[in-house]
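Residue strings, one per chain:
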Amino acid sequence: MSQTELDAKLLEVNLGPQHPSTHGVFRMNVTLDGETIVKLKPVVGYLHRNHEQIGERATYIASFPFTDRLDYFCAMSNNFGLALAIEKLGGIAVSERGEYLRVIMAELTRLLNHAAVTGFLLNDMGAFGTPLLYAFREREKILDLFEAASGSRMMCNYVRPGGVRQDVPPGWLDQARRLVEEFPRFLDEFEALLTENEIIRQRTQRVGILPKELAVNASATGPLLRGSGVNYDIRKVDGYSIYPRFSFKVPLGTVGDVYDRYYVRILEMRESLKILQQALKEINDASPAISPKGLALVKAPRTFRPPKGEAYGRIEAPKGELGFYLVSDGTPQPYRYHIRAPSFINLTILEDMCLGQKVADAIIILGSIDIVMGEVDR
Amino acid sequence: MTILGVGVLKGLGVTLKTFLETYPWGRVLLRAVGIPSANGLVTIQYPDERQQHSERFRYFPFLVYDKTPDDLRCVSCKICEQECPPACIHIVGPAKDEQGRPLKAHGRTYPVKFDIDMAICMSCRICVDVCPFDAIEMDNQYEFASPDRFGRLVFDKQQLLKSAEYFKQIKPSEAAEVDARLAAKQAKTAPPAKPAVPPNPSSA
Amino acid sequence: MLPPLEEIKTTLEQLLPGVTLAVEGIALLVDAKDLTAVCRCLKDNERFGLDYLADLTAVDYPPDRMDAVYHLYSMAQRHGPLTLKVKLPRTNPVVASVTPIWRGAEFQEREAYDLYGVAFEGHPDLRRILMWEGFEGHPMRKDYVVEDQDA
Amino acid sequence: MTSLDQLFVHAANTALGLLSDRLRPWASIALRIGVIAAAAPAIMMYLTLYERKVIARMQNRFGPTRVGVYGLLQPLSDGLKMLIKEDVVPRGADRLLHLIAPILAVVPAILLFAVIPFGRRMIAVDLNVGLLYVFAVSSIGSYAIFMGGWASRNKFSVLGAMRSVAQLISYEVPGVLSVVAIIMVTGTLSLTGIVEAQAGRWFVATPWGFAGCLTFFLSGVAEVNRTPFDMPEAESELVAGFHTEYSGMKFALWYMAEFLEAFAVCAFTVAFFLGGWQGPAIPFWALAGLLAAISAAAAKLPLPVRFVGALASAGAGLLWRAEPIPSWIWFLGKTYALFFVLIWFRGTFPRLRADQLMGLAWKFLLPLALVNILAAGLWSAMPFPVGTALSASLLVVSAWALVRLNHPAQLDHRTYVLAD
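A brief report on the enclosed structure follows. As the structure is a computational prediction, the values presented were derived from the model and not from experiment.

On a plain count of helices and strands, chain D comes out with 17 helices and one strand. Burial statistics for chain D: of 420 residues in total, 48% are counted as buried. If you take every contact in chain D between residues at least 6 apart in sequence, the share linking residues at least 24 apart comes to 79%. Total accessible area on chain D is roughly 19,200 Å²; 74% of this is exposed by carbon and sulfur atoms.

Attention now moves to the overall build of chain A. Across its full length, chain A holds 17 helices and nine strands. Over its C-alpha atoms chain A spans a radius of gyration of 21 Å, differing by no more than 12% from the 21 Å that the globule rule assigns to 378 residues. Taken along the three principal axes of its C-alpha coordinates, chain A extends 75 × 45 × 35 Å. A separation threshold of at least 6 residues defines the contact pool for chain A, and within that pool the share at least 24 residues apart is 71%. Between the averaged position of the 45 positive side-chain charges in chain A and that of its 46 negative side-chain charges there is a distance of 5 Å.

Attention now moves to the interface of chain D and chain A. Across the contact, 38 residues belong to chain D and 55 residues belong to chain A. Carbon and sulfur atoms supply 57% of the area buried between chain D and chain A, which totals about 4,100 Å² over both sides. Linking chain D to chain A there are two salt bridges. Between D361(A) and R353(D) there is a salt bridge; the shortest N-O distance is 3.0 Å. Applying the counting criterion to the chain D and chain A interface returns ten residue pairs in polar contact (both at pLDDT 80 or more). Contributing elements (two or more residues each) for the side of chain D that touches chain A: α3 (24-58), α8 (155-186), α11 (235-238), α15 (327-348), α16 (354-381) and β1 (417-419) of chain D.

A word on the interface of chain A and chain C. Quoted interface sizes are often the accessible area lost when the parts come together. Tallying the contact residues gives 41 residues for chain A and 42 residues for chain C. Taken together, the two surfaces of chain A and chain C that pack against each other cover about 3,500 Å², and 53% of this comes from carbon and sulfur. Summed over the shared surface of chain A and chain C, the result is four salt bridges. Ionic pairing is found between K85(C) and E310(A), a salt bridge with its closest N-O pair at 2.4 Å. Run the count over chain A and chain C and you get 22 residue pairs in polar contact (both at pLDDT 80 or more).

Here we take up the pattern of salt bridges. Evaluation of the coordinates by the stated rule reveals 68 salt bridges over all chains. Look at the salt bridges and you will find they share partners, linking E107(A), R110(A), R226(A), D233(A), R235(A), E268(A) and E316(A) into a network.

What follows is about the sheet that holds strand β1 (residues 22-24) of chain C. Strand pairing in a sheet relies on backbone hydrogen bonds. The paired strands run either parallel or antiparallel. Residues and elements named next belong to chain C. In space, the five strands of this open sheet follow the order β1-β2-β5-β4-β3, with mixed pairing throughout. The sheet is open, and its two borders are formed by β1 and β3 (52-61), each paired with just one other strand. Taking the axes of each pair of neighbouring strands and ignoring which way they run, one obtains an average angle of 30° across the sheet. Pairing geometry for β1 and strand β2 (residues 27-30), over three bridges, is antiparallel.

Quick look at the sheet that holds strand β3 (residues 113-117) of chain B now. Residue and element names in this part refer to chain B. Ordered by their spatial adjacency, three strands build an open sheet running β2-β3-β5, and the pairing between neighbours is antiparallel. For this open sheet the edge positions go to β2 (89-92) and β5 (154-155), each flanked by a neighbour on one side alone. One ladder, built from two bridges, connects β3 with β5; its direction is antiparallel. When the bridges of β5 are listed, I116 appears paired with F155.

So, about the nonpolar core. Burial of nonpolar side chains together is a common tendency in soluble globular proteins. Grouped together as the largest cluster of nonpolar side chains are 188 residues, with contacts concentrated most on L108(A), W172(A), L350(A), L12(C), Y70(C) and L84(C). It is helix α5 (residues 96-125) of chain A that provides the largest number of residues to this core, a total of 14 residues. The residues touching Y70(C), leaving out its near neighbours within four places in the chain, are L35(C), L53(C), D55(C), L56(C), L82(C), T83(C), L84(C), V86(C), V95(C), A96(C), V98(C) and F120(C). In terms of nonpolar packing, the next biggest core, distinct from the first, is built from 92 residues, F242(D), A257(D), F259(D) and V265(D) among them.

What follows covers helix α5 (residues 95-112) of chain D. Since there are 3.6 residues in each turn of an α-helix, residues three or four apart along the chain are aligned in direction. Here α5(D) contains 18 residues, and its C-alpha end-to-end distance of 27 Å stays within 8% of the 26 Å for a straight helix at 1.5 Å per residue. Buried residues along α5(D) sit in contact with α6 (130-138), α7 (140-151) and α12 (248-273) of chain D.

A few words on the packing of aromatic side chains. A full pass over the atoms with the stated rule returns 51 aromatic pairs over all chains. Where Y60(A) meets F304(A), the ring centres are 5.4 Å apart and the plane angle is 80°; that geometry is what we call edge-to-face. In this pair, Y60(A) sits in the loop between α2 (51-57) and α3 (64-68) while F304(A) sits in the loop between α13 (292-299) and β7 (309-317), placing the two residues 244 residues apart along the sequence. By relative accessible area, which is 3% here, Y60(A) ends up buried. A relative accessible area of 8% means that F304(A) is categorised as buried. Ring centres of Y312(A) and Y73(C) lie 6.4 Å apart, and the angle between their planes is 50°; on these two criteria the pair is classed as tilted. On the criterion of chain membership, the pair formed by Y312(A) in strand β7 and Y73(C) in strand β4 (residues 65-74) is interchain, its members lying in two chains.

Turning our attention to empty space enclosed by the protein. Residue and element names in this part refer to chain D. For the coordinates displayed, the defined rule picks out seven cavities of 30 Å³ or more. Roughly 320 Å³ of internal volume is contained in the largest cavity. Looking at the largest cavity, it is lined by 24 residues, and the ones nearest its centre are S138, E223, V224, E261 and V265. In terms of residue count, α12 provides more of the lining of the largest cavity than any other element does, seven residues in total. Broken down by class, the residue content of the lining of the largest cavity amounts to 14 nonpolar, six polar and four charged.

So, how was this worked out
- Residues numbered from 1 in each chain as written.
- Chains lettered and ligands numbered in written order.
- Predicted model: local features only at pLDDT ≥ 70, side-chain atom pairs only at ≥ 80, totals over all residues.
- Heavy atoms only, no water.
- Helix = DSSP H or I, 4+ residues; strand = E, 2+ residues; numbered from the N terminus.
- Buried < 20%, exposed > 50% of the residue type's maximum accessible area, 1.4 Å probe, protein only.
- Contact = heavy atoms within 4.5 Å.
- Areas by Shrake-Rupley, 256 points an atom, 1.4 Å probe, with all protein chains shown as cover.
- Rg over C-alpha atoms; globule rule 2.2 N^0.38 Å.
- Lys, Arg positive; Asp, Glu negative; His and termini not counted.
- Charge placed at Lys NZ, Arg CZ, Asp CG, Glu CD.
- Buried area = accessible area lost by both parts, 1.4 Å probe.
- Salt bridge = Lys/Arg side-chain N within 4 Å of Asp/Glu carboxyl O.
- Polar contact = N/O pair within 3.5 Å; in protein donor to acceptor, adjacent residues only side chain to side chain.
- Pairing = 2+ DSSP bridges.
- Axes fitted to C-alpha atoms, helices over the stretch in contact; angles between N-to-C directions.
- Core = buried A, V, L, I, M, F, W, Y, C linked by side-chain atoms within 4.5 Å.
- Expected span 1.5 Å × (residues − 1).
- Phe/Tyr/Trp six-rings, centres within 6.5 Å; stacked < 30°, edge-to-face > 60°.
- 1 Å grid on protein atoms, 1.4 Å probe; cavity = no way out; pocket = protein on both sides within 12 Å on 5 of 7 lines; lining within 4 Å.
- Points joined across faces, edges and corners; volume = space filled by probe spheres on them.
- Nonpolar A, V, L, I, M, F, W, Y, C, P; charged D, E, K, R; others polar.

Right, here's the structure in full:
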């Protein structure tokens, strides 16, 4: 049989944009040989709304509610990232309590994101929603906390340059402490359901291996990178905010497959709980939740005219490095407002991980990357 | 060395436990064999029961009036219109007479038209943050479903007006803060005629 | 730690004869023709070891300037960032692709191409990514006019 | 006592007795067909409710509660919805085959009900080649699935259909082989005969029966495409597999076929290995051991629980002696309990990958089923303790060897570095 005859046997399938497990409107142009993938081209943009353009027309503060909609699971971290970049640009000091509250919110976000992502991953594997619903059950508790603090469950719009918009209501911290105390019980249950399960291990181990060097070269970040064994956590490397005050570890995988990414997330949740415990213990109300300059910014966004210049602020969002690149020309609106979206850039390497695997594997590899289309398409 | 199948059985155990936890007899059974169990049902049966929202829960904004509906706090300064990220606020005003002089009600200018397109509003609360007069606040009503997109979701001034009492009722602590702020402001601006209070040495 | 910008500039100029660099603000200005050589050096040379391209984007300065901006970090040595800028003409901006050096640039270059119209030479698959095929114009350019949907 | 047991049989006989002799054979056939045709959809509808309820409870939810008390009328409203939904046939599909396929899937599923022994003398047709009939009829389903997948003219459907055919053919082999042991021991192919042969002890209590039961049940689960073997309709990969392009009543028919077959698999497992319509025939020593185990564990329990437990066991013992429970309740109870296991699997497990699934069939279940025949031979040829011990050890050793041989080296335990 000649080569062309062989090629003629390839089957081209569009997985998505309307497909149960592409996490939104994501499309994979897959070429199959039997069930083996020989080519995969991701197609994105269905949710594109030119967020950056909107950001360049709005004031710095007015971009916050839009960042909520980037990675709609992690509104708090997105706010945090933008606030960090604006602080860098405008030289705004952050109040002590504001820092603590931000870190608490960011780590709670990490908990809910990782739990939900693991649930989605299992859904992609064909579990009938059970792990996902367990994760959502816990997520609801965290969202209750978010609602009590910010007024909204998902679109929090809470973190501001200089701190957080409002202090948390009385009793909130105790509620958070209770949650942190109870969360490990859920994690144990979750692990009993998943970690040792032979079916899950069959499905995920040695599937979608991402070698260390390639991971670095492809700008992979977050659990995807650390699953491959690269010790790079921006909370440690940059030591932004008050992270250097807390003792926590960075879990690293060894093989770089789907299972490693799953388990790194579980371990990261446990580390996040450690950070939360420390933060909830150390936090005090000696300072306001937002610094005076930040408060002025909240009250009158148009008075904030940062000096000409540029800043790149980044945080370790649950999905990876979330960066905001701001260029100021001295007006109340940013001249350039660019987002380095972790889900988007982590997708670069999808094809390499999927080649030679089965269709079913491609789905769970995509699930293990952890993308949210709101962030990919912006 | 683990035995093949143990992980599978463990998983089955977790789901069975959750299954039993949703029934009273199941909980009795679990407790009888020494497994602590709580009510496993977490669903809120929506139309019959509703979630208890926290005080800060926000949905769409409304306009606050003090005693009578024409005594609204809004002076039509249009800051919220300008700052609204999705640009869903539309204000015409302040009201003027034929000569172009601003009309006043209760000593304040007021908007002729104040529309908010709730289909566009994203409940971000920025209008509340920027309002210098505490004239706009966030409501916690959320059942606004409507079969048409542009008609019933554009709220005009009359629909948006709600009393300060109502605000106090839904958000007591926030209302108290606002009242304190307004009182302080009034104390500062209102009495130029009165003799000044003896200066407080601690205030800078 | 990464050496100061001036030092990086002089080191690079020594290592790569014929390359002239400039410092602008917090960024290092690179000529479009030198970009590949500079990037290779920054990545491979032990002194920099910038193995991680965090962010790649473009900034539009009408009427005649368009920048390509690169933020580089090192994962191995845990330092950074180094900001590289390449000044390009606004009409027909062309610059060498860095995808062969950092795979992570692949989608980001496609995005910059899509939204700003910067052509990256040597990119393996330079197509629009966020906008659809057949879309005209580059929506992030400052002179792009948004069609009013309500009109 | 026997009156309740034979309630349906007597009722049928009385009704038939009213007719003239000439009509009676025809009426008898019509009655049987009518009962099955009426019962099958009803069973299917309530299986969906059963599944939804149980899975919901496993996920901290209520499940359907809105239609009727406890959502008991939900299946009716679902059925109604399916009936009035638009029936979409894709352009380019083979319309005729697209229509025939779901019907072809349902017919064999209903035909299977003809030989299910629901109770003592409650079997529509007691075929003397019942077993052969079961396997012959159930394998028709794969044609229907492939037909539907191919006729839809959708790549997902074709992929699902291909997987399905591969899976059905693979799993039929261990499924049939696991029943061979029964035929050897009982010497009959009739289902009534097989059930009656288990009067002394259920086959599942023998070593070969236990292995056979597992093999048969797992193969059955795979044949009816249920989690964790629901490859053909893997919704996360293939949208809905072979029935992606089906809607309305045709879709309902696919569902009906799937649920009826799943029910049939449970029913046949019960009939072949779990004693059919007979009550527990636990040997005395097993009961004694169980009681001993319970009393040993009882020390930890609070007093009232122990008291109630003692009363309950005494009552259970009495009931067991008296056998007041009608045979058909035994049968249905066991079948639904087994169906609970199916749902339980679905609520817990993700699915295997297509190639891993094939591996399980060919590399593990098939050899095990073959060894099982030998074990059954040993068991029946040797006197009681020796035969049991020999066959049990043979099975354990071969299962262990099979696991070792197949043991995917990839199931490694990992250590994770917690870096600073």
